[in-house]
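Below are the chains, spelled out letter by letter.
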Amino acid sequence: LDLLKNVLENSGQKFRTHPKFIHAMRSYLAPSILSNSLGGSLSVVTSAMEMVEMVVVRKSFRAILKREIADIFQSVIFRFLDSPTAGYGRRRVVLEVLSTTCSDPQTLTDMFLNYDCDMDSIHVFEQMITSLCSAAQDGVSGPIATPEEGISGGETGQLRTAALKALVLSLKSLRAWCSSLEETDGHEIDPVEPQQELSGVGSALERSASMTTQELDETARFQETLRRKKILEEGVQRFNAKPKAGIEYLASHGYLNATAEEIASLLKNVRDLDATVVGEYLGEADEMSLEVLNSPRQNLEREPTFIAHARVALKLAAVTEPSSILPPL
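In this text the structure is predicted, and so the values were computed from the model without any measurement.

Tallying secondary structure elements over the protein gives 17 helices and 0 strands in all. Taken over 329 residues, the protein has a buried fraction of 46%. Looking at the protein alone, contacts between residues at least 24 apart form 66% of all its contacts between residues at least 6 apart. Surface exposure of the protein reaches about 16,900 Å², of which carbon and sulfur atoms provide 54%.

For soluble globular proteins, nonpolar side chains are generally found buried alongside one another. Grouped together as the largest cluster of nonpolar side chains are 46 residues, with contacts concentrated most on Phe73, Met128 and Leu132. If you list the elements that add at least two residues to this core, you get α3 (19-37), α4 (42-57), α6 (66-82), α7 (88-102), α8 (105-116), α9 (124-138) and α10 (153-184). When residues no more than four places from it in sequence are discounted, the contact partners of methionine 128 are Phe73, Phe78, Leu98, Cys102 and Leu108. Of all hydrophobic cores here, the second largest spans 22 residues; its members include Phe239, Ala260, Leu266 and Val270.

Going through the model one piece at a time under the given rule, you end up with 8 salt bridges. A salt bridge links aspartate 110 to arginine 62; its shortest N-O distance comes to 2.7 Å. With a gap of 48 residues between them, aspartate 110 in helix α8 and arginine 62 in helix α5 (residues 59-62) connect regions that are remote in the sequence. As far as burial versus exposure is concerned, aspartate 110 and arginine 62 are alike and both buried. Lysine 66 serves as the salt-bridge partner of aspartate 118, at 2.6 Å between the closest nitrogen and oxygen. With aspartate 118 in the loop between α8 and α9 and lysine 66 in helix α6, this pair connects stretches of sequence that are 52 residues apart. Note on lysine 66: relative accessible area 15%, which makes it buried.

So, on to the packing of α4 against α6. Where α4 contacts α6, the two axes come as close as 12 Å, and the packing angle between them is 135°. With respect to each other, α4 and α6 are oriented oblique. Considering how the two elements wind past one another, α4 and α6 form a crossing that is left-handed. Contact residues: α4 offers Val45, Met49, Val52, Val55 and Val56, while α6 offers Ile69, Ile72, Phe73, Val76, Ile77 and Phe80. Its residues placed into classes, the contact of α4 with α6 shows 11 nonpolar, no polar and no charged.

In the structure shown here, the tally under the stated rule is 5 aromatic pairs. Pairing phenylalanine 73 with phenylalanine 78 gives two aromatic rings, centres 5.7 Å apart and planes at 55°, and the pair type is tilted. Each member of the aromatic cluster is reached from another via a ring pair, and the members are Phe15, Phe21 and Phe61. When the ring centre of tyrosine 115 is taken as origin, the NZ or CZ atom of lysine 66, which lies over that ring, is 6.0 Å away.

What follows concerns a negative patch on the surface. A contiguous patch of negative charge on the surface is contributed by Glu261, Glu262, Glu287 and Glu291. Elements with a minimum of two residues in the negative patch: α14 (260-269) and α16 (287-294). As for its placement among the helices and strands, glutamate 291 is situated in helix α16.

Another aspect to go through is α3. Between the first and last C-alpha of α3 there are 26 Å, a value that for 19 residues agrees with the 27 Å anticipated at 1.5 Å per step. Of all bends in α3, the biggest is about 40°, found at methionine 25. Taken together, the buried positions of α3 are Phe21, Ile22, Met25, Leu29, Ala30, Ile33 and Ser37. Where α3 is buried, its residues contact α1 (2-10), α2 (13-16), α4, α5 and α6.

Quick look at the environment of valine 94 now. Along the chain, the position of valine 94 falls in helix α7. Expressed as a C-alpha distance, the spacing of valine 94 and methionine 49, which sit 45 residues apart in the sequence, is 7.1 Å.

On to the confidence of the model for the protein, then. When pLDDT is averaged along the protein, the result is 77; 75% of the residues meet or exceed 70. Here helix α11 (residues 203-207) stands out as the least confident element of the protein, with mean pLDDT 39; α7 is the most confident, with 92. The low-confidence segment residues 141-149, where pLDDT is below 50, has 17 contacts with residues more than four positions distant or belonging to other chains. Low pLDDT (under 50) marks residues 187-211, which in the prediction has 53 contacts with non-local residues, meaning those over four places away or in another chain.

On to the environment of histidine 23. Within the secondary structure, histidine 23 sits in helix α3. Residue histidine 23 is classed as partly exposed on the basis of its relative accessible area, which comes to 45%. For the pair histidine 23 and isoleucine 64, spaced 41 residues apart in sequence, the C-alpha separation works out to 9.3 Å.

Parameters and conventions
Residues numbered from 1 in each chain as written. Predicted model: local features only at pLDDT ≥ 70, side-chain atom pairs only at ≥ 80, totals over all residues. Heavy atoms only, no water. Helix = DSSP H or I, 4+ residues; strand = E, 2+ residues; numbered from the N terminus. Buried < 20%, exposed > 50% of the residue type's maximum accessible area, 1.4 Å probe, protein only. Contact = heavy atoms within 4.5 Å. Areas by Shrake-Rupley, 256 points an atom, 1.4 Å probe, with all protein chains shown as cover. Core = buried A, V, L, I, M, F, W, Y, C linked by side-chain atoms within 4.5 Å. Salt bridge = Lys/Arg side-chain N within 4 Å of Asp/Glu carboxyl O. Axes fitted to C-alpha atoms, helices over the stretch in contact; angles between N-to-C directions. Parallel < 35°, antiparallel > 145°, perpendicular 65-115°, else oblique. Left-handed = near helix turned anticlockwise from the far one by under 90°. Nonpolar A, V, L, I, M, F, W, Y, C, P; charged D, E, K, R; others polar. Phe/Tyr/Trp six-rings, centres within 6.5 Å; stacked < 30°, edge-to-face > 60°. Lys NZ or Arg CZ within 6 Å of the ring centre and 35° of its normal. Patch = residues over 30% accessible without salt bridge, like charges linked within 9 Å, V, L, I, M, F, W, Y side chains within 5 Å. Lys, Arg positive; Asp, Glu negative; His and termini not counted. Charge placed at Lys NZ, Arg CZ, Asp CG, Glu CD. Expected span 1.5 Å × (residues − 1). Bend = angle between axes of the 7 residues up to and from the residue. pLDDT = per-residue confidence, 0-100.

Rendered as structure tokens:
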């Protein structure tokens, strides 16, 4: 891991942008970092977290490892912060990584724009701040650790201090970013390092610090994406509890029209919907459920997830209504 870190630190721009290097980063390096971060040796975890820190803060790596970085945050960083059994050493290393992340204004901005304002990504920025706030109060973002779990009162205090430090750094970074927008008055900011665009977001705000019409449009787009993402998440939660209530919520908030085609598209494309609940909804004998089930039939061969949901519906129908009128697949 230390040798790989040295290679990444000393590599040049052409090396980092070569297709073979990008393929190796995505296919081999990112899974290796993920597995070593969850290892049993604290020294190995520390080395892996140092590579995570470099990958997150260095712009050229963020550009090619967007999905992998989200997986690392969700599977490692938030997992260590939220688990009272992760131990003092792992949480301390994670808080050091977050402190470095929070100290860079551009990194924080990119995290918010590329993850929280992306319909297909998790809320990395929001969850990071929420976990840090909880850790600053309890030392961990989950239940309070006890001495039986190997953490003394002094170590818990150190974790709280580290989390509070990261929060203070995040506030300073966000203030510095806002100040740069206020002070430049239309002058362009020289980029620190050439980089590829991160899914088309963030780069527009970095190229110019003035609040031009184009940037106002970009800001409005980000706000609208974030608003729709919040509506979708709430609608998914309601759907998984009561399908019709979830669809009514999404329709009333303008996320979709309550037509069979749009509902079918929702069931096929939204990954957080509970498959059993989807099957129960499709297994109902009302007119709308039948229309939804029939509407995408011509595309079933290309939608294995939807097939799985439909099969659940048919199994439920076979148990509850032997004379179901559902059409065969």
